[in-house]
Amino acid sequence: MNSDPENGGCKGGGGDIARQIEVEADIDTAMSFTKTYQTPQREKVYSNWESMVLAYQSLGVVYGDLGTSPVNVFSATSFTNLSEDDLLGTLSLIIWTLTSLVLVKYVFIVLHANDHGEGGTFAIYSYICRHIHFNTKFTIHNTKLQPDSAMAYYTGGGHSPLSTRAKNFLERSSSAQNFLTVIVLLGTCMVIGDGALTPATCALQGIQSRSSKITQDHVVWISVVLLVALFVFQRCGTSKVSFLFSPIMLIWFATNVSIGVYNIFKYDPSILKAVSPHYIVKFFMANGKTAWDLLGAVFLSITGAEAMFTDLGHFNKRAIQLGFSLVVYPSLIVTYAGETAYLVKHPENITDAYYSSLPNPVYWPMFVISTLAAVVASQSMISACFSIVKQSLALGCFPRVNIIHTSSNHQGQVYSPEINTILLILTVALVVGFKGGVELANAYGVVVIWVMMITTFLTSLVMLVIWKTNVVAVLGFLVPYVLMEGAFMTSLLRKIPQGGWVPFAISVLFMTVMMSWTYGRSKKTTYEAENKMSVTELDEALSSIYRTPGVCLFFTDLVHGLPPIIRRYIHHMNSVREIMVVVTIRTLPIKTVSAEERLHVGKLGRNGVYQCLIQFGYKDAEDIDGAKYTDHIAAKLLELTDDNSEKHKIRSSMQKGIEFVTGRTILKANKKSDMLSRFTIDYMYRFLQKNSMPAFSTVRTPSNATLQVGMLYEI
């Protein structure tokens, strides 16, 4: 039989030895799947009107957290005996922090470091992965194949001498790759912690009351009730309430601007001179250490800015830029100026500056609006947390949890019951444990500054390696922002005893989980690669056993070769279906895989064994109907061969029944492993594996036609 060698077959007349060498080479490179790569897809071009509409919609999803920051910035300060110069210096710090760290850094620079319209820590990581080949054993789900670079969403390009040297260093240095992986995981843990801290912080902000009969304990328990209702409602999906978000935030920004302008003209119109940065210098010279400590409170004015990048995939870059530049930025500046003008006349009310600055006739309407805005802020970060956990799952660095797509139109709208429960428990514990908003605000600031610093580092790497930016420009971005963010970090770290330890505790918890899972997965992949079954061994094993009529689909996550569990299956069953298809489900570190590139097949050996590769991007819905995909696989197999007898065998086997086989492996550390490795593998990873979703939970197969094969890996 003659088959196209690119399809995994053999060359006619080449001899068995030559043919076997070719097949072995095909197994180790990419299974020689049939592939006609498309040119990289261009991002959609939006009209000005479309961008304006998206900018309006972004107000309710992206800017809820950032927009509600004026409620707690001044109340988080510890100033006493305030002077007008102190307030001018504080306002100037807020203005220039918003301008430099949000407007310049995020809006004009970081938003460009996106992965085909997707933002966030994992998006930058996948963007880098498309240009740097990771070969370390400890990495995030490294299953890159040789032809991947030709796929849509994979991009290439030339390199400058400096970027080439940096790229070569990263590809040669396993330590650098491991460091990059660790900081990506750290950024993810911080975002998850953000999802717990944001609702806890906002819950206490929106339920303020002037009645002396309502104690702080009453406020706490009302907050708990609202939080429980908020998290219970998550199962309905963000689409059910998202149409309310943008009007709420637009009203919030508009009313804050109106009140801000009123306060400026009523109390101190000269407050606008704080736009001059020389007031910052005067402030630090006059207050010294006290001014340095104030940086922690000032930083709260930009909490939520990271959501502009994390939620980028829901909109587009232009919409985010328009929304912030035209609405959010001027609104925040006027709101803070209005609060400051009020405090010039009433400095004693700094602990409740926002609500105290509200005119009496509009207090209760603003109470309602602020409560709704707080819910919007909470919802946006909870949804972002679900999305980033989904991306973590797709890249293989988080224990498998249930992911439910709540919208048929927007794949990015997902819900995870397990993560929702964890966030609820953490949030309620934080609200009950910290009865004052200052402690929660301190904790929240530490989370955000870590995420921003990680983003700064990753963006600098993108500028150097991918954008081929001049090293002077890279340093011009990296050094100033490291210094600015480092200054905020040192101020926030000083507040660890007052609540700053919380994000570290949450991060350590999730980091331990993610590191243990990633380490166990990497050890499992290494073991399978070292003990994989060769094509020669497969042919010999199949030549001496009975071939049962029908089709067997064997699911495995090993991309390069045949896992050892197939050897175990053949040895103990002593029979294999006439047609056996080894199915690998692979998630790529890219946004999405087009329908034409999703399913590929190739032939293994000469005994009716085939390989099938099913590919997804980290934003794709991995919902696989086993019966439906079997028909697609059979169609691909028929296209693969020109031999009529082989086609007849495939068709007849399909009619005689289909068997689905999944493997379940248990890891055990060998005696040579050190104590930490044994604890991680035998206890941490095994506990996580036991309590996580099955490896192929996204595959829906008939229970009466599904078989699970187990095997112990001693590593």
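Above: the structure in question.
Computed from a prediction, not measured in an experiment: that's the story for all the values here.

Q: Just give me the short version of the packing of aromatic side chains, but keep the residues and values in it.
A: Working definition: an aromatic ring pair is given by the centre-to-centre distance plus the angle between the planes. Counted by the stated rule, this structure contains 18 aromatic pairs. For the pair Tyr63 and Phe324, a centre-to-centre distance of 6.3 Å together with 35 degrees between the ring planes defines the contact as tilted. Highlighted residues: Tyr63 in the loop between helix 2 (48–58) and helix 3 (64–67) and Phe324 in helix 13 (residues 317–345), separated in sequence by 261 residues. Take Tyr63 and Phe324: they sit in the same class, and that class is buried. Pairing Phe386 with Tyr415 gives two aromatic rings, centres 5.6 Å apart and planes at 90 degrees, and the pair type is edge-to-face. Within this pair, whereas Phe386 is found in helix 15 (residues 363–394), its partner Tyr415 is found in strand 2 (residues 414–415), the two being separated by 29 residues in sequence. Relative accessible area serves as the criterion here: at 2%, Phe386 is assigned to the buried category.

Q: With reference to specific residues and values, describe the sheet that holds strand 8 (residues 658–668).
A: Adjacent strands of a sheet form backbone hydrogen bonds with each other and so pair up, either parallel or antiparallel. One open sheet holds the six strands; their spatial order is 5-6-4-3-8-10, and the pairing between them is mixed. Two strands lie at the open edges of the sheet, namely strand 5 (599–604) and strand 10 (706–714), each paired on one side alone. For this sheet, the mean inter-axis angle between neighbouring strands, taken without regard to orientation, is 25 degrees. Along the sheet, helix 22 (residues 626–640) contacts strand 3 (546–556), strand 4 (575–588), strand 5, strand 6 (609–617) and strand 8; its crossing angle with strand 5, the most-contacted strand, is approximately 60 degrees.

Q: An account of the pattern of salt bridges is requested, with residue identities and associated values reported.
A: Taken as a whole and judged by the stated rule, the model has eight salt bridges. Residue Arg567 is joined to Glu537 by a salt bridge in which the shortest nitrogen-to-oxygen separation is 2.6 Å. A residue pair is termed long-range when its members are at least 10 positions apart, and Arg567 in helix 21 (residues 564–573) and Glu537 in helix 20 (residues 535–542) qualify at 30 residues. Assessed through its relative accessible area of 27%, Arg567 is described here as partly exposed. The exposure class of Glu537 is partly exposed, given its relative accessible area of 26%. Here Lys603 and Glu646 are joined by a salt bridge, their closest N and O atoms 3.7 Å apart. Residue Lys603 is located in strand 5, and its partner Glu646 is located in helix 23 (residues 644–655); the two are separated by 43 residues in the primary sequence. The buried category is assigned to Lys603, whose relative accessible area is 11%. Connected through salt bridges with shared partners, the residues Lys289, Asp293 and Arg494 form a single ionic network.

Q: Lay out a nonpolar patch on the surface in plain terms, naming residues and giving numbers.
A: Taken together, Leu162, Val471, Val472, Leu475, Val479 and Leu483 make up a surface patch of nonpolar side chains, about 510 Å² in accessible area. Take the nonpolar patch: its biggest share by element is five residues, from helix 18 (residues 471–493). Among the structural elements, Val471 can be located in helix 18. According to the relative accessible area criterion, Val471 is partly exposed, its value standing at 38%.

Q: An account of the environment of Ser126 is requested, with residue identities and associated values reported.
A: Take Ser126: it is sitting in helix 5 (residues 121–129). Residue Ser126 is classed as buried on the basis of its relative accessible area of 0%. In the structure, Ser126 is positioned 11 residues away from Asp115 in sequence and 7.1 Å away in space, judged by C-alpha atoms.

Procedures and definitions
- Residues numbered from 1 in each chain as written.
- Predicted model: local features only at pLDDT ≥ 70, side-chain atom pairs only at ≥ 80, totals over all residues.
- Heavy atoms only, no water.
- Phe/Tyr/Trp six-rings, centres within 6.5 Å; stacked < 30°, edge-to-face > 60°.
- Helix = DSSP H or I, 4+ residues; strand = E, 2+ residues; numbered from the N terminus.
- Buried < 20%, exposed > 50% of the residue type's maximum accessible area, 1.4 Å probe, protein only.
- Pairing = 2+ DSSP bridges.
- Axes fitted to C-alpha atoms, helices over the stretch in contact; angles between N-to-C directions.
- Contact = heavy atoms within 4.5 Å.
- Salt bridge = Lys/Arg side-chain N within 4 Å of Asp/Glu carboxyl O.
- Patch = residues over 30% accessible without salt bridge, like charges linked within 9 Å, V, L, I, M, F, W, Y side chains within 5 Å.
- Areas by Shrake-Rupley, 256 points an atom, 1.4 Å probe, with all protein chains shown as cover.

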